Amino acid sequence: MRTREALLPDAERIYELISSYSTDGTLLPRTLAEIYENMLDFVVLEDARKIIGCGALHLYGPHLAEIRSITVDQQYQKRGGGGLLVQSLLSRARRHEVRCICLFTRGPQFFAKLGFEIARRDDLPEKINKDCCVCPRYHCCDEVAMVKGELPRFAILPEPGNGLVKLQV
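All figures in this text were calculated on a predicted structure; none of them were measured in a lab. Counting restarts for each chain: residues are numbered from 1 in the order of the written sequence. At least 70 in pLDDT is required for a residue's local features to be given in this predicted model, at least 80 for side-chain atom pairs to be given and counted, and no such filter applies to totals for whole chains, interfaces and linings, which use all residues. Side-chain descriptors were evaluated using all non-hydrogen atoms of the structure, hydrogens and water having been removed beforehand.

Runs of E in the DSSP output that reach at least two residues are strands. Runs of H or I that reach at least four are helices, and both are numbered from the N terminus. Helix span is expected to be 1.5 Å times the residue number reduced by one. For helix α1 (residues 11-22), which comprises 12 residues, the first-to-last C-alpha distance of 16 Å matches the rise-based estimate of 16 Å (1.5 Å per residue) to within 8%. Ala11, Ile14, Leu17, Ile18, Tyr21 and Ser22 are the residues of α1 that are buried. Relative to the axis of α1, the buried residues are bounded by an arc of 130° and lie together on one face. Contacts are residue-level and defined by heavy atoms, with any inter-residue pair within 4.5 Å sufficient. Considering only its buried residues, α1 is in contact with α2 (32-37), β2 (42-47), β3 (50-61) and β4 (64-72). A simple rule labels every residue: compare its accessible area, found with a 1.4 Å probe on the protein chains alone, to the largest value its type can have, and call it buried under 20%, exposed over 50%, or partly exposed in between. Each direction from the helix axis to a C-beta atom contributes to the arc, which is the arc of those directions.

The next thing to look at is the pattern of salt bridges. Salt bridge, as used here, is a side-chain nitrogen of Lys or Arg placed within 4 Å of a carboxyl oxygen of Asp or Glu. Tallied over the entire structure, the rule returns nine salt bridges. For Arg92, the salt bridge goes to Glu5, with nearest N and O atoms at 4.0 Å. Of the two residues, Arg92 sits in helix α3 (residues 81-95) while Glu5 sits in strand β1 (residues 2-5), which places them 87 residues apart along the sequence. Among the residues examined, Arg92 registers a relative accessible area of 7% and is labelled buried. For Glu5, a relative accessible area of 52% gives the class exposed. Look at the salt bridges and you will find they share partners, linking Arg2, Arg4, Asp10 and Glu46 into a network.

A few words now on the confidence of the model for the protein chain. Per-residue confidence from the predictor is given as pLDDT, running between 0 and 100. Chain-level pLDDT for the protein chain is 87 on average; 83% of the residues reach the 70-or-more range. No element of the protein chain has a lower mean pLDDT than strand β9 (residues 163-168), which averages 50, and none a higher one than β2, which averages 98.

Moving on to unusual backbone geometry. You will see that Ala48, though not glycine, has its phi angle at about 50°, which is positive. Tracing the backbone through its elements, the reader meets Ala48 in the loop between β2 and β3. One non-glycine residue with positive phi stands out, namely Ser69, at about 55°. Following the sequence through the fold, Ser69 ends up in strand β4.

Here the focus is the packing of aromatic side chains. Stacked, tilted and edge-to-face are the three classes assigned to paired rings of Phe, Tyr and Trp, where Trp is represented by its six-membered ring and a pair needs centres within 6.5 Å; plane angles under 30 degrees give stacked, over 60 edge-to-face, the rest tilted. Following the criterion strictly, the structure yields two aromatic pairs and no others. Residues Phe111 and Phe116 carry aromatic rings whose centres are separated by 6.0 Å and whose planes lie at 85° to one another, so their mutual orientation is edge-to-face. On the accessibility criterion, Phe111 (8% relative accessible area) is buried. Residue Phe116 is classed as buried on the basis of its relative accessible area, which comes to 4%. Feature note: the residues Phe110, Phe111 and Phe116 constitute an aromatic cluster, connected by ring pairs. Charges are assigned to positions over rings by a cutoff of 6 Å between ring centre and Lys NZ or Arg CZ, combined with an angular limit of 35 degrees from the ring normal. Of note, Lys148 hangs over the ring of Phe116, and the distance from its end group to the ring centre comes to 5.8 Å.

In this section: the sheet that holds strand β5 (residues 100-105). Strands were regarded as paired on the criterion that DSSP finds at least two bridges between them. The sheet built from seven strands is open, its strands ordered β1-β2-β3-β4-β5-β7-β6 with mixed pairing. The strands lining the two open edges of the sheet, one partner per strand, are β1 and β6 (117-118). As paired strands, β2 and β3 are joined by six bridges and run antiparallel to one another. Each bridged residue has a counterpart across the sheet, and for Asp47 the counterpart in β3 is Lys50. Only the stretch in contact is used when a helix axis is fitted, and all axes are lines through C-alpha atoms; the angle between N-to-C directions ranges over 0 to 180 degrees. Strands β2, β3 and β4 of the sheet are contacted by α1, whose axis makes an angle of about 85° with β3. Strand contacts of α3: β1, β2, β3, β4, β5 and β7 (144-149), with the helix running at about 160° to β4, the strand carrying the most contacts.

Right, here's the structure in full:
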């Protein structure tokens, strides 16, 4: 198994992988258009040139990035592929000199083994205001917020209208 940066021709397989885990709520659903728009965020996991997993690193700025959409085909689970995906995304975050990596999960034990610690959701307003506010489970979320690195002391949020505002947290 190996990871590599995703390419546009990989989008449909990434969509299939994410969709297979979004029907039960494990992952947030993503449209094929969203995957194409965010293709530069994705890495894929291959085994014998077959894409068997994917994951994405969404950059908010040097203060914060989010690991999302980590998935491995059920036939290939428990072989270390998820860890390879996370390590690849952490390496990408290091290249960008990101100080804190967050994620939201229902499987905190897996990520704790990779050095992530539980955090308060309120410490990650950019994530909450970008994705969580449109999630059907917004008011009854059962995901655990986790971080690796230094929690940001500020957030850069879109200002209603036309600009960005820096919010101290």
